[in-house]
Amino acid sequence: MRRELEDGAAEARRIRAEQPELIDAVLASAETIDVASDYGMNLRTLLAGEYVSAKSVGIAASLVAVYARQQQLRAERATLVPGFLAPRGTKVTDLDATVTVSRIIDCHYGAKTLLVLRTDGNQLIKWFATGVRDYEPGQWVQILRATVKDHDTYRDQDQTLVTRATLEPLDPAA
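Just so it is clear, the structure is predicted and the values come from calculations on it, not from any experiment.

1. Structural notes on the overall build of the protein chain
No. 1: The number of helices and strands found in the protein chain is four helices and five strands.
No. 2: Sequence-ordered secondary structure for the protein chain, helices as α and strands as β, is α-α-α-α-β-β-β-β-β.
No. 3: For 174 residues, the compact-globule formula gives about 16 Å, and the C-alpha radius of gyration of the protein chain, at 22 Å, lies well above that figure.
No. 4: With the C-alpha coordinates of the protein chain rotated into their principal frame, the extents come out at 65 × 35 × 30 Å.

2. Looking at the sheet that holds strand β3 (residues 124–130)
No. 1: Spatially, the five strands close up into a barrel ordered β1-β2-β3-β5-β4, and their pairing is mixed. Shown here is a sheet whose adjacent strand axes are inclined to one another by a mean of 40 degrees, direction ignored.
No. 2: Relative to strand β5 (residues 157–169), β3 runs parallel, the two being bridged by four bridges. When the bridges of β5 are listed, I125 appears paired with T160.

3. Comments concerning the packing of helix α2 (residues 20–28) against helix α4 (residues 57–79)
No. 1: Viewed as axis vectors pointing N to C, α2 and α4 meet at an angle of 90 degrees, and their least axial separation amounts to 8 Å. Taken together, the axis directions place α2 and α4 in an arrangement best described as roughly perpendicular. Residues L22, A25, V26 and L27 of α2 form the contact with α4, whose own contacting residues are L63, V64 and Y67.

4. Let's talk about the side chain of Q159
No. 1: The residue Q159 is located in strand β5 in this model.
No. 2: With a relative accessible area of 3%, Q159 lands in the buried category.
No. 3: A distance of 3.1 Å separates the side chain of Q159 from the side chain of K126, its partner in a polar contact.

5. Considering unusual backbone geometry
No. 1: With a phi close to 50 degrees, D94 is a non-glycine residue in the positive phi region.
No. 2: Within the fold, D94 resides in strand β1 (residues 91–107).
No. 3: Residue class for D94 comes out exposed when judged on its relative accessible area of 53%.
No. 4: At R155, a position not held by glycine, the phi torsion is positive, near 50 degrees.
No. 5: Relative to the helices and strands, R155 resides in the loop between β4 (140–154) and β5.

What counts, and where the lines are drawn
- Residues numbered from 1 in each chain as written.
- Predicted model: local features only at pLDDT ≥ 70, side-chain atom pairs only at ≥ 80, totals over all residues.
- Heavy atoms only, no water.
- Helix = DSSP H or I, 4+ residues; strand = E, 2+ residues; numbered from the N terminus.
- Rg over C-alpha atoms; globule rule 2.2 N^0.38 Å.
- Pairing = 2+ DSSP bridges.
- Axes fitted to C-alpha atoms, helices over the stretch in contact; angles between N-to-C directions.
- Parallel < 35°, antiparallel > 145°, perpendicular 65-115°, else oblique.
- Contact = heavy atoms within 4.5 Å.
- Buried < 20%, exposed > 50% of the residue type's maximum accessible area, 1.4 Å probe, protein only.
- Polar contact = N/O pair within 3.5 Å; in protein donor to acceptor, adjacent residues only side chain to side chain.

What follows is the structure, given as structure tokens:
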């Protein structure tokens with residue numbers, strides 16, 4: 001066990017010496033975590049010190065996953081095509097898309113489902129559907145029809161807002 005710890009520490013020192021910018025980028029990713037959350041507070045407290053106890057190694061190591069997720073999101077955003085799918089009021093039909101966000105929102109008048117879809121042309125579509133819709137991120141769907149309601153820019157990403165959409169799940173094996 002002691003030998004494994006020494007080997008791990010030697011590997012960490014080697015990476016720190018060879019790729020200091022990577023270590024700095026991973027550490028900087030902690031700034032994106034909400035400090036109001038327990039996780040964010042624990043992470044910031046841990047990184048403010050000079051020593052990480054064995055009990056806290058898991059929290060420190062989780063920062064690598066935070067950094068990896070940020071890099072993945074950055075890469076996905078880089079492939080998005082700027083602009084909107086169609087002008088307001090236009091009817092769109094027969095579009096294949098992938099669900100990127102599926103979130104249930106409790107409202108005063110009942111539940112709504114927020115779906116963000118990425119078309120095969122790498123444009124984003126946002127749809128607020130009444131009621132609970134059963135879609136999962138990564139699921140392929142076909143937009144049989146929808147009406148473009150508006151255009152929006154969220155976090156520097158152009159999104160086409162649609163209404164009255166009809167979706168059909170696609171079989172990934174097809």
